[in-house]
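Structure assessment
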Amino acid sequence: MTGAEHWFEASPDWFKTAVFYELHTRAFFDSSDDGSGDFRGLRQKLDYLQWLGIDCIWLLPFYPSPLRDGGYDVADFLTVSPEFGTVDEFASFVEAAHERGMRVISDFVMNHTSSEHPWFQESRLGPDNPKSDWYVWSDTVHRYEDARIIFVDSEQSNWTFDPVRGAYFWHRFYHHQPDLNYENPEVAEAMLDGLRFWLDLGLDGFRLDAVPYLFEEEGTNCENLPETHTFLRRVRAEIDAHYTDRVLLAEANQWPEDVVDYFGDGDECHMAFHFPVMPRMFMALRREEARPMVEILDRTPPIPDNCQWGLFLRNHDELTLEMVTDEERDYMYAEYAKDPRMKLNLGIRRRLAPLLDGGRDEIELMHAILFSLPGSPVLYYGDEIGMGDNLYLGDRDGVRTPMQWTGDRNGGFSRADFAQLYLPPLMDPVFGFQAVNVEAQLRSPTSLLRWLQRFVALRKEHPVFGLGTYESLATSNPRVFAHVRTHENDTVLCVHNLARSAQAVELDLSRFEGRTPVEMTGRTPFPPIGQLPYFLTFGPRGFFWFLLEEESADA
Amino acid sequence: MPDPRGLSNEQLLALVASARWFAAKDRVPEEAEVVGVPVEDGVVTLAIVEVRFGPGTHEHYLVALGADDEAADAFERPEVAARLAALAGVPSEGARVRPLGVEQSNSSVVLDELHVLKLYRRLEAGPNPELEVLRALAVAGFANAPRLEGALTTEGPPLETALASITSLVASAGGGWELTLEAFRDDPSWLPERAWRLGEVTAAMHAALAAQDTEPHFAPEEPSAEALALLAAEIDEEIASTFASLPDDDALGAVAHRAEDLRDLVHELAAVGPSGLAIRTHGDYHLGQVLWATEDDWVVIDFEGEPARSLPERRRKRSPVRDLAGMTRSFAYAGDAALLLTGVEAPDGWVDACRTAFLDGYLSLADERLLPSSRTGFDRLLGLFELEKLVYELRYETRNRPDWATIPIVGMLRLLEPVT
């Protein structure tokens, strides 16, 4: 098996200009007609992802699992769940992706296992067996009481009593997901072995699930502890010593000033999601003002040069509202979750298109903002065609329905009987597969899919979006979000109208005097910049990206 | 012996950016740096030069330096070529070295009238398609291609790639393109008489490429359900962007307003039905890539694929019909350029005669698994690939050789005829 270095030029910063695409193997394409997607099926769809311009595929967990938490309850870290195929099929999928110039990272659940993992089954047998302290056991529930409960809708405590061992075990998520005990060096070693296993098969890195919670300490909220960072530095050192061009992406749903700690001094994770900016993009859109985004971006500390933010509009979880104030959360619920079924934990379990009422202008504007911000965009499968959600499915399954390829049976996802499918495909008249599918949108040059493909290509032509500095720009109109990105000789001005009405704005661009703004999608030169405020008008939810060229574009 | 790392920015840029094989002619290189020296042995130094452009992108090029202090490319010097051939596995005295014709993207020399040594200039990470294809063709026993005799590769860093290859020299009367043009004066039926055989050789080449079914990079594959739709979308985008930037020129009048008709045509042609298995192909197939060998048969050369495409693109499995479209467009170019280039007009029906003979010859030997199941489907897929070529031709000619733009224009009008 050959690693990515066989197919790619050595480039430790590749992830800084990459476009990521998050998908469930289960939900993408079923090659075996058993109702569940698999790696052979995924491999058949690589041409599609390559066409879309994807640089890196992020796979949700594909490990054996009782599936009580969408596969985040892992029962064995060292193999592939049989429904997805074999380890060989996984490796050949990764190789095929590399061959097409795409990288692959996968989820790795660091914090906990399924209660069905053999480690836990052994550990619960009693205090005398070799794995007895691989998990966090206690005779009382009155420890670590300052730690919050994350899944507030389903869990009452972070402790659950195990009748077999006659003791309580610690879990930050579901009660069937016991937390591993990282105080035990054997656990740390076993998890490193797990990482090495997949890296040796050619995987390009990991999205480290739930990293803030690895260690516990009395008197703290048990999040972001120094021991956790020490362990991440060890993981990073191990990877840097033995592998090239791999990436660690931290899932730390925290405030920016806490998340930046996961970059360390460039010696922990390469990437971390910027969680707080996401809900504020939705807030800014509904309030028709740029302030929420500008504020959080101004509050975001600088990060080391070899690091990058991961940015997203939606993902496989609920639209999380953990990193907003109570007041802001109420606002978001009122605006985006009018039906109580749409709420889950501290968030909203809906997909992008239904959140935006299917508005094409809004979807385009949100992508434009996403793509213009400093970071690497992460798209969620199905959002590129504007797929909907199914509120009548439990937990987060409503945003994890089968990919809609065609208007045929089962949306072209599977040839299995409908009843065999892991989840029913969407069939409602607005977002169902007969209305929303890849085949139809490929045919129409004006479709969302075709627009997004062009937009991804545009972003990738300009490394400035991944590598450049970010500077917000004061505007005369609070409904307009404007900023400047600069990298080497590329200077890009991005201006977005958040209002649902036409707007005008004046920008002070005098320091760019003499330059000609060239609109990037159509290469149209605008009047050159002078000393006076630069005046722009927008249609509703309109936006412009300008390359500020030194010489006239006509020259 | 010069240390290439000691060359200045200006020297490196002069060495690379003015060379014929420098691909980014429409961009301004700002900086150049030697990022790897895979060969340094006293006679020849191969240096990988990273050329950087304004927006923060870069490309890699390979330069060959000799033993003296001169900062000039030394590939064509006998002692340098001979040493590279030896490093690639073919000892040569280097007594007789002559450069081989005009090449756009690489450099080749003929050694001792026995071997062709090719230095790859624009380097990309990944397996070299030419080496892969020549090996596969040899394994399958395809005789109408040069024999691969050796190769020189590097594992990096900065990248794993092929640096040079050496193949047997094919004794030939010349390339298909030049022979066809020469023949217009005295014997215009030269190509029509040989086009059937060209079709047969092409079919045999595709059969050989499809024969490696245990080698994953060659095994024929059922294209994914949306493969044709993706292709149609790509062509559609190309039409849109090409026509949006067409220069204001009366000569383009005949097609300038036909963009929408062409886009409709894409949809019509994309209704192919099952299009057949996708295989590794030649990738850049035209009359300039076939030689009329002294044994009175066609020999196919140059398997690198289109130089403008990225390596993953060039290695992609595709319908072999795409190669056929490359060749039929090449016939149209020869027919339509005859007057421009030779002062002699091609006889009426010349292009059609070549095309019919070539396709009939191809279909007489073709592996049916690789083709659409109906003749209508085959004709449409061929038309679709021809349209893809035509759009590329129109963009290239209007930018580089406006006098030639009539060739793709005529071709487009011909394709549009049935639907107007």
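What counts and how
Residues numbered from 1 in each chain as written. Chains lettered and ligands numbered in written order. Predicted model: local features only at pLDDT ≥ 70, side-chain atom pairs only at ≥ 80, totals over all residues. Helix = DSSP H or I, 4+ residues; strand = E, 2+ residues; numbered from the N terminus. Buried ≥ 20, exposed ≤ 12 C-beta atoms within 10 Å, placed from the backbone. Contact = placed C-beta atoms within 7 Å. Rg over C-alpha atoms; globule rule 2.2 N^0.38 Å. Domains from an automatic or database assignment. Nonpolar A, V, L, I, M, F, W, Y, C, P; charged D, E, K, R; others polar. Pairing = 2+ DSSP bridges. Axes fitted to C-alpha atoms, helices over the stretch in contact; angles between N-to-C directions. Parallel < 35°, antiparallel > 145°, perpendicular 65-115°, else oblique. Left-handed = near helix turned anticlockwise from the far one by under 90°. Core = buried A, V, L, I, M, F, W, Y, C linked by C-beta atoms within 7 Å. pLDDT = per-residue confidence, 0-100. Expected span 1.5 Å × (residues − 1). Arc of directions from axis to C-beta.

**As for the overall build of chain B**
Secondary structure assignment for chain B yields 13 helices and twelve strands. Counting only residues that meet the buried cut, chain B has 48% of its 420 residues in that class. Taking all contacts inside chain B whose residues are at least 6 apart in sequence as the whole, residues at least 24 apart take part in 67%.

**Details of the overall build of chain A**
A tally of helices and strands in chain A yields 16 helices and 22 strands. Scaling as 2.2 N^0.38, a compact globule of 555 residues should have a C-alpha radius of gyration of about 24 Å, and chain A matches this with 24 Å. Referenced to the eigenvectors of the C-alpha coordinate spread, the extents of chain A come out at roughly 80 × 55 × 50 Å. When burial is assessed residue by residue, chain A has 54% of its 555 residues classed as buried. Long-range pairs, those at least 24 residues apart, make up 68% of the contacts in chain A between residues at least 6 apart in sequence.

**Some points on the environment of D261 of chain A**
All names here are of chain A. Looking at the element boundaries, D261 is found in the loop between helix 8 (256-259) and strand 9 (271-273). Among the residues examined, D261 registers 20 C-beta atoms within 10 Å and is labelled buried. Note: C-alpha distance between D261 and A474 (213 residues apart in sequence) is 29 Å. Not counting residues within four places of it along the chain, the set of residues in contact with D261 comprises N224 and H229.

**Some details on the domain arrangement of chain B**
Residue and element names in this part refer to chain B. Domain parsing of chain B yields domain 1 (7-168) and domain 2 (172-419). The C-alpha centroid of domain 2 is placed 28 Å from the C-alpha centroid of domain 1. Across the boundary between the two partners, domain 1 contributes 18 residues, which contact 24 residues of domain 2. Residues of the side of domain 1 that touches domain 2, tallied by class, amount to eleven nonpolar, four polar and three charged.

**Quick notes on the sheet that holds strand 1 (residues 20-23) of chain A**
All names here are of chain A. Taken in spatial order, the eight strands close into a barrel running 1-2-3-7-8-9-10-14, and their pairing is parallel. On average, adjacent strands in this sheet sit at an angle of 25° to one another, irrespective of strand direction. Summarising the sheet, strand 3 (residues 103-109) and strand 7 (residues 205-209) pair through four bridges and their orientation is parallel. Of the residues in strand 7, the one forming a bridge with F108 is L208.

**Here's the deal with the packing of helix 4 (residues 176-186) of chain B against helix 10 (residues 321-342) of chain B**
Residues and elements named next belong to chain B. With their axes 10 Å apart at the nearest point, helix 4 and helix 10 run at an angle of 65° to one another. What the angle tells us is that helix 4 and helix 10 run roughly perpendicular. When the axes of helix 4 and helix 10 are compared, the crossing they make is right-handed. Taken together, the residues of helix 10 that come into contact with helix 4 (itself represented by W177, T180, L181, F184 and R185) are A334, A338, L341 and T342. Taken together, the residues of the contact of helix 4 with helix 10 break down into six nonpolar, two polar and one charged.

**Notes on the interface of chain A and chain B**
Contact residues are listed per partner, giving 31 residues for chain A and 25 residues for chain B. Looking at the side of chain A that touches chain B, the elements that each hand over two or more residues are helix 3 (46-52), helix 14 (438-443), helix 15 (448-461) and helix 16 (464-467) of chain A. In terms of residues, the side of chain A that touches chain B owes the most to one element, helix 14 of chain A, which gives four residues. Residues belonging to the side of chain A that touches chain B are distributed by class as follows: twelve nonpolar, seven polar and twelve charged.

**Let's talk about helix 13 (residues 406-416) of chain B**
For helix 13 of chain B, the full list of buried residues reads I407, P408, I409, G411 and M412 of chain B. Of the surrounding secondary structure, the elements contacted by the buried residues of helix 13 of chain B are helix 7 (253-256), helix 8 (259-269), helix 10 and helix 12 (375-400) of chain B.

**A closer look at the sheet that holds strand 7 (residues 122-123) of chain B**
All names here are of chain B. Across the sheet, four strands lie side by side as 1-2-3-7; this open sheet has antiparallel pairing. Two strands lie at the open edges of the sheet, namely strand 1 (29-40) and strand 7, each paired on one side alone. Note: strand 1 against strand 2 (residues 45-53), eight bridges, orientation antiparallel. Residue pairing for strand 2: G36 is matched across the bridge by I48. Packing against the sheet, helix 1 (residues 9-17) makes contact with strand 1, strand 2 and strand 3 (58-65), and its axis sits at approximately 80° to strand 1.

**Some details on the domain arrangement of chain A**
All names here are of chain A. Once the domains are mapped, chain A shows domain 1 (4-111 + 181-461), domain 2 (112-179) and domain 3 (469-549). Each of domain 1 and domain 2 has a C-alpha centre, and the two are 27 Å apart. Between domain 1 and domain 2, the contact holds 24 residues from the first and 24 residues from the second. Of the residues that constitute the side of domain 1 that touches domain 2, the class distribution is nine nonpolar, eight polar and seven charged.

**Quick notes on the nonpolar core**
In globular proteins that are soluble, nonpolar side chains generally tend to be buried together. Counting 245 residues, the largest nonpolar core has C56, I57, L249, A250, C269 and A272 of chain A as its most contacted members. A per-element tally of this core places helix 5 (residues 190-210) of chain B first, with ten residues. When residues no more than four places from it in sequence are discounted, the contact partners of L249 of chain A are I105, G205, F206, R207, L208, C269, H270, M271, A272 and G310 of chain A. Formed by 43 residues, the second largest nonpolar core is a distinct cluster that contains L46, A47, Y61 and L62 of chain B.

**Describing the confidence of the model for chain B**
Residues of chain B with pLDDT of at least 70 account for 98%, and the chain-wide mean is 91. Among the prediction metrics, the complex's ipTM stands at 0.88, with pTM recorded as 0.92.

**Some words on helix 6 (residues 185-200) of chain A**
All names here are of chain A. Compared with an ideal rise of 1.5 Å per residue, which puts 16 residues at 22 Å, helix 6 spans 22 Å between its outermost C-alpha atoms and is within 8% of the ideal. Along helix 6, the residues classified as buried are M191, L195 and W198. End-on view of helix 6: buried residues confined to an arc of 65°, all on one side of the axis. Helix 6 presents P185, E189 and D193 as exposed residues on the side facing more than 90 degrees away from its buried surface. Considering only its buried residues, helix 6 is in contact with strand 3, strand 7 and helix 7 (226-242). Positive backbone phi, approximately 105°, marks G202, located one or two places after helix 6.

**Considering the pairing of strand 14 (residues 376-380) of chain A**
Where a strand is regular, its side chains alternate between the two sheet faces. Residue and element names in this part refer to chain A. Of all five residues making up strand 14, five are buried, and the element is well covered by its neighbours. Neither face of strand 14 is left uncovered, since the one carrying S376, V378 and Y380 and the one carrying P377 and L379 both have all their residues buried. Where strand 1 meets strand 14, three bridges bridge the pair, whose relative direction is parallel. Bridged to F20 within strand 14 is V378. As paired strands, strand 10 (residues 308-312) and strand 14 are joined by three bridges and run parallel to one another. Across the sheet, the residue bridging to G310 is S376, located in strand 14.

**Examining the pairing of strand 21 (residues 534-538) of chain A**
Residues and elements named next belong to chain A. Burial along strand 21 is one-sided: the face carrying Y534, L536 and F538 is buried and the face carrying F535 and T537 is not. Here five bridges tie strand 18 (residues 503-507) to strand 21, and the two strands are oriented antiparallel to one another. When the bridges of strand 21 are listed, V505 appears paired with L536.

**Focus: the packing of helix 9 (residues 277-287) of chain A against helix 10 (residues 291-298) of chain A**
Residue and element names in this part refer to chain A. At their nearest, the axes of helix 9 and helix 10 sit 7 Å apart, and the two run at 155° to each other. Here helix 9 lies roughly antiparallel to helix 10, going by the angle between them. Contacts from V277, R280, M281, M283 and A284 of helix 9 reach helix 10 at P292, M293, I296 and L297. Across the contact of helix 9 with helix 10, the residue classes tally to eight nonpolar, no polar and one charged.

**Looking at the environment of L228 of chain B**
Residue and element names in this part refer to chain B. Positionally, L228 belongs in helix 6 (residues 227-244). We classify L228 as buried; it has 23 C-beta atoms within 10 Å. Separated by 42 residues in sequence, L228 and A270 have C-alpha atoms that sit 6.5 Å apart. The contact partners of L228, leaving out residues within four places of it in the chain, are A270, V272 and S275.

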